[in-house]
Amino acid sequence: IDNLTPGLIKRFIENKERGFGTKKNMLETFKTLWSFALDKGLLGDSPPANPTKDIVFKRPEVSKSPGTRYNDLRFTDQELKTIYTTLIKLTDKYPFQAEALLFMLCTGRRAEETLKMRRSMINKDRTLITLPASITKARKVEYIDITPPVKFVLDLIDEKLKGTYQKYRFVDWLFPTTRINSKRLHEDKYVRSDQCRIKEIRGCWGAVVRETGIEGAPKMLRKTFSSIAKLTLGTTGKARVLTG
């Protein structure tokens, strides 16, 4: 690591044709590696200058990412209703994935935040969910009111934990994965680890697209919720309180 230079790192990252996001992530990896080495004293008493400090990649004017085509799109009211009823039908085939998407539809929360939620974040009265700063994008504590639609989704999860997935009732994740190792359910460290939660919802979302013919991405659920909130409440500020 002592031999790393800005030129060496930049040439390595640009050695192949890569998107802006990939370049940015690779550079971030080098930054993290360098910080780790510095923190652990691996660079000696007189560490050389940080080789990542002045490396900058220019963001392209037109993004090549396929996901960007959905940036300015929203679901119509009818499409939302269709997605909602389809997800309810898919709850048995895609357990906890369908509920996670329903939760996103009803709250406008990000997938990354939703999938990291724990049942212990729900208060005893089941009126409020507290999201710790560690899982929110803004890195501050945020709240979700348990409205009737949200309660309906939570009840769907409870039904699963009383039936087919009863053995998961000791797993704190709100959306546990069905690939949990049943033999390790007695291990507290294991059941609290990321290995026991859903990481992505593409399987269920793909089924929604195939069944309904509606094109879009899960992130559009949040965008649509935000648009409806702004129209309903009259101001962006009030809508932001709902969506974080």
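Details of the structure are given in the entry above.
Not measured: the values here are computed from a predicted model.

Calculation rules
- Residues numbered from 1 in each chain as written.
- Predicted model: local features only at pLDDT ≥ 70, side-chain atom pairs only at ≥ 80, totals over all residues.
- Heavy atoms only, no water.
- Buried < 20%, exposed > 50% of the residue type's maximum accessible area, 1.4 Å probe, protein only.
- Helix = DSSP H or I, 4+ residues; strand = E, 2+ residues; numbered from the N terminus.
- Pairing = 2+ DSSP bridges.
- Core = buried A, V, L, I, M, F, W, Y, C linked by side-chain atoms within 4.5 Å.
- Contact = heavy atoms within 4.5 Å.
- Expected span 1.5 Å × (residues − 1).
- Arc of directions from axis to C-beta.
- Phe/Tyr/Trp six-rings, centres within 6.5 Å; stacked < 30°, edge-to-face > 60°.
- Lys NZ or Arg CZ within 6 Å of the ring centre and 35° of its normal.

Please clarify how the pairing of strand 1 (residues 128–131) should be interpreted in this entry.
Here strand 1 shows a clear split, with Ile 129 and Leu 131 buried on one side and none of Leu 128 and Thr 130 buried on the other. Strand direction decides the pairing type here: strand 1 and strand 2 (residues 142–145), joined by four bridges, are antiparallel. Counted as the bridge partner of Thr 130 is Tyr 143 from strand 2.

I would appreciate a short explanation of the nonpolar core in the present structure.
Proteins that are soluble and globular tend to have nonpolar side chains buried together. If you look at the biggest cluster of nonpolar residues, it comprises 52 residues, and the most contacted ones within it are Met 117 and Ile 129. For this core, the elements supplying multiple residues, two or more each, are helix 3 (77–89), helix 4 (97–107), strand 1, helix 6 (148–162), helix 7 (188–191), helix 8 (202–212) and helix 9 (219–233). When residues no more than four places from it in sequence are discounted, the contact partners of Met 117 are Phe 103, Ile 129, Leu 131, Ile 135, Ile 144, Trp 173, Leu 174 and Phe 175. By size, the runner-up hydrophobic cluster in this structure holds eight residues, among which are Ile 9, Ile 13, Phe 20 and Ile 55.

Is there a simple way to explain helix 2 (residues 20–39) in this structure?
Helical periodicity: at 3.6 residues per turn, an α-helix aligns residues three or four positions apart in one direction. Helix length check: helix 2, at 20 residues, gives a terminal C-alpha distance of 28 Å against a target of 28 Å (1.5 Å per residue), a fit within 8%. Buried residues of helix 2: Phe 20, Lys 23, Met 26, Leu 27, Phe 30, Trp 34 and Ala 37, and no others. End-on view of helix 2: buried residues confined to an arc of 135 degrees, all on one side of the axis. Turned more than 90 degrees away from the buried face of helix 2, the exposed residues are Asn 25, Thr 29 and Asp 39. Taken together, the buried residues of helix 2 touch helix 1 (6–13). With its phi angle positive at about 70 degrees, Gly 41 sits one or two positions after the end of helix 2.

Mind showing me how you'd approach the packing of aromatic side chains here?
The geometry of an aromatic ring pair is captured by two quantities: the separation of the ring centres and the angle between the planes. Across all of its chains, the model carries six aromatic pairs by this definition. Ring plane angle 85 degrees and centroid distance 6.0 Å describe the contact between Phe 12 and Phe 30, whose orientation is recorded as edge-to-face. Here Phe 12 is found in helix 1, whereas its partner Phe 30 is found in helix 2, with 18 residues between them in sequence. Arranged with centres 6.1 Å apart and planes meeting at 50 degrees, the rings of Phe 75 and Trp 205 form a pair that is tilted. Taken together, the residues Phe 75 in the loop between helix 2 and helix 3 and Trp 205 in helix 8 connect sequence positions 130 residues apart. Given a relative accessible area of 7%, Trp 205 falls into the buried group. One aromatic cluster is present, built from ring pairs that chain together Phe 96, Tyr 165 and Tyr 168. It is Arg 118 that lies over the ring of Trp 173; its NZ or CZ is 3.8 Å from the centre.

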